[in-house]
Amino acid sequence: MKTVGVIAEYNPFHNGHKYHLQQVREQTKADVLVVIMSGNYVQRGEPALFDKWERTRQALYNGADIVIEMPFNVAVQPAHLFAKGAILQLQALGVEEISFGVEHPEYDFAALAKEASIISEAFSNYKQTFASIYYTQLAEKTGIKLESANDILALEYAKAIYEQNALIKIHPIKRIAAGYHDRELPINMNNAEINIASATAIRQHLHDQRVVRYLPSSMDLTKSYPVKNFAVHWWPLLHYRLQTASLTELQQIYQLNDGLEHLFQETSYQVNEFQAFFDKVKSKRYSNARIQRTLLYTLLNVTTNEMIVDECNVQNRLLGYTSIGRAWLKRNKKIMKKPLISKINKDLRKNKYALQYRVDKIYQQFTECKQEQNIGRKPIDIENSLTIIEK
C-alpha cells in the first residue's frame, strides 16, 4: 500500500486543507494518508485556536487516515528545525512520500535543497536572522527567489530529506485561492474557489457568521471551544514571569539570549499591555515570529535542553485513525523505527513526554471546558473517513 505523509498545523482545519488532502490522494494515488500535525501550539509561537483532539477529528473526517502529534519541541521551532523534526517523524513511521501545498509546484525542490544545504554550511549558526542573506544567495546560485512562506517551508522539508538521506519522495501541490497571509474573508461571490479562505482570515473572523462557509460541514463552532486570546488572557502570566524571574533564570530559557533577557525584563517594567510590549521589543534583527516564540518559551519555562531536535528527543504520539489507518498501523507496527505512543502513563509523563504534558496543562487552563489533554485520552477511532466525507 502506498503511504503519503502530510505535515500540517490545521489552525484551524478549513476547506483549503480538505482540498489539499483530496488532491494528495488523487494525484499520488495514496492508499493511506498520514498527517504529522502540530499539537496544542503552532510554529509562530502561539497556542492553537482549537485543541489537538478537535483538529485531529476534523482531519480524520475530511481525508486523513492517521494523525500523529508533532511535539512541542518540533512544532514551535524555526522553519529548518520544524522541518527536520517532522521528517524524522515520517522516517520513523516508514512513510515513503510527502506532499505539501506550494505556490510554485514546478520548482525542483530536491535540486534546490542540495544547493541550499551547501549555502547553509556557511552559516554554522544559521538562524532566522540570516534568512534574507540566505535566500538571496540561493537566488543568485539558482535563479529562483523564494518569497512565499509555503515555498520556503517546502524547501526546508526537501533540505531535511536531503540532509537526513531519507528515502522520501516529494510531491508538491499547487495552492489555490486564498494567500497564506490573507487577513480578510473572500467576497467575490463569482469566484468558484470562494469557499477557501486562509487560516489567518478565519482566525481573525471566527465570530463572523460568514466564516462557516470556509469550514467543512463536520466543523460545528457551537460545539468547539477555541483557546483564549494569547495577547489578552496569557499576557498577565507572561508579564508576571518576566518581572519575577532573575536574569540567570531567564538565561536558561531556549533562545532567550544575546541580551534579549535584559530587553524583555526591562520592557516588562515599562508597559502593561501585550501589544505595547511587543512593539518595543521587536527589531530588524529578529523576525516577529522569533520574538513570539521566545515569549512563549519564557511563559512556559522551556529550557534549551528540552528543545533538542534529534531521533532520541522526537516522539510519535498517535492522536487518531480511521479504519484504513488502523489496518495500516497494525500491519506496519513491527517495521517502525520506534514504537508509537498511544497512551500517556506516569512514566511517560515524567520522562519522554514531560515537556508536552507540562505545556498542555497550561493550554488546558485557557480553554473554556478545561478538558484534559493527555491523561486518560485515547486515540480517536473513526470509521473510514472516505465514507464520512460523502455524507
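Look a little higher up for the structure.
Quick caveat, the model's predicted, so the values are computed rather than measured.

Rules used in this analysis
Residues numbered from 1 in each chain as written. Predicted model: local features only at pLDDT ≥ 70, side-chain atom pairs only at ≥ 80, totals over all residues. Heavy atoms only, no water. Axes fitted to C-alpha atoms, helices over the stretch in contact; angles between N-to-C directions. Helix = DSSP H or I, 4+ residues; strand = E, 2+ residues; numbered from the N terminus. Left-handed = near helix turned anticlockwise from the far one by under 90°. Contact = heavy atoms within 4.5 Å. Nonpolar A, V, L, I, M, F, W, Y, C, P; charged D, E, K, R; others polar. Buried < 20%, exposed > 50% of the residue type's maximum accessible area, 1.4 Å probe, protein only. Lys, Arg positive; Asp, Glu negative; His and termini not counted. Salt bridge = Lys/Arg side-chain N within 4 Å of Asp/Glu carboxyl O. Polar contact = N/O pair within 3.5 Å; in protein donor to acceptor, adjacent residues only side chain to side chain. Pairing = 2+ DSSP bridges. Phe/Tyr/Trp six-rings, centres within 6.5 Å; stacked < 30°, edge-to-face > 60°. Lys NZ or Arg CZ within 6 Å of the ring centre and 35° of its normal. Core = buried A, V, L, I, M, F, W, Y, C linked by side-chain atoms within 4.5 Å.

Comments concerning the packing of helix α9 (residues 230-244) against helix α13 (residues 288-300)
Remark: α9 packs on α13, axes separated minimally by 9 Å, with the N-to-C direction vectors making an angle of 65 degrees. Where α9 crosses over α13, the two elements pack in a sense that is left-handed. Listed contacts from α13 to Phe230, Trp234, Leu237, Leu238, Arg241 and Leu242 of α9 are Gln292, Leu295, Leu296, Thr298 and Leu299. Among the residues forming the contact of α9 with α13, the class breakdown is eight nonpolar, two polar and one charged.

Structural notes on the side chain of Lys338
In this fold, Lys338 is placed in the loop between α14 (323-332) and α15 (346-350). Nearest to the buried, unbridged Lys338 among oppositely charged side chains is Glu311, at 6.8 Å. Reaching out from Lys338, the side chain makes a polar contact with the backbone oxygen of Glu311 at a distance of 2.6 Å. With sequence-adjacent residues up to four places away left out, Lys338 is seen in contact with Ala92, Glu311, Val314 and Gln315.

As for the side chain of Gln77
Position of Gln77 among the secondary structure elements: in the loop between α3 (72-75) and α4 (79-93). Here Gln77 falls in the buried class, since its relative accessible area comes to 0%. From its side chain, Gln77 meets the backbone oxygen of Met307 in a polar contact 3.0 Å long. Sequence-distant contacts of Gln77, that is, excluding residues within four places in its chain, are made with Gln43, Phe82, Tyr254, Arg293, Tyr297, Met307 and Val309.

Observations regarding the pairing of strand β6 (residues 97-102)
With five of six residues buried, β6 is to be regarded as a mostly interior element. For strand β1 (residues 3-8) and β6, the ladder comprises two bridges, and the chain directions are parallel. Bridge pairing in β6 places Gly5 opposite Ile98. Bridge count for β6 against strand β7 (residues 169-174) is six bridges, and the pairing is parallel. Note on β7: the bridge partner recorded for Val102 is Lys174.

Digging into the environment of Tyr107
Inspection of the secondary structure assignment puts Tyr107 in the loop between β6 and α5 (109-120). Taking the C-alpha atoms as reference points, Tyr107 and Leu146, 39 residues apart in sequence, are found 9.9 Å from one another. Residues within four places of Tyr107 in sequence aside, it is in contact with Leu112, Ile144, Leu146 and Asp151.

Regarding the packing of aromatic side chains
Under the criterion given, the structure shown has 15 aromatic pairs. Look at Phe100 and Phe109: their rings are 6.0 Å apart centre to centre, the planes differ by 90 degrees, and that puts the pair in the edge-to-face class. Here Phe100 and Tyr157 contribute two aromatic rings whose centre-to-centre distance is 5.7 Å and whose plane-to-plane angle is 35 degrees, an arrangement assigned as tilted. Taken as a pair, Phe100 in strand β6 and Tyr157 in helix α7 (residues 149-163) lie far apart in primary sequence, 57 residues in all. Phe100 sits in the buried class, given a relative accessible area of 5%. Ring-pair connections join several aromatic residues into one group, and the members of that group are Tyr41, Phe72, Phe230, Trp234, Trp235, Phe264, Phe274, Phe277, Phe278, Tyr363 and Phe366. Positioned above the aromatic ring of Tyr357 is the side chain of Arg349, whose terminal nitrogen or guanidinium carbon lies 5.2 Å from the ring centre.

Section: the nonpolar core
Within the largest apolar cluster, 84 residues are counted, with the highest numbers of intra-cluster contacts made by Ile7 and Phe72. When residues in this core are grouped by element, the largest group, eight residues, is from α4. Excluding its chain neighbours within four sequence positions, the residues that come into contact with Phe72 are Tyr41, Leu296, Tyr297, Leu300, Val302, Met307, Leu355, Gln356 and Val359. Residues Val24, Leu33, Ala59 and Ala64 belong to the second largest nonpolar core, which totals 20 residues.

These figures come from the coordinates and say nothing about function on their own.
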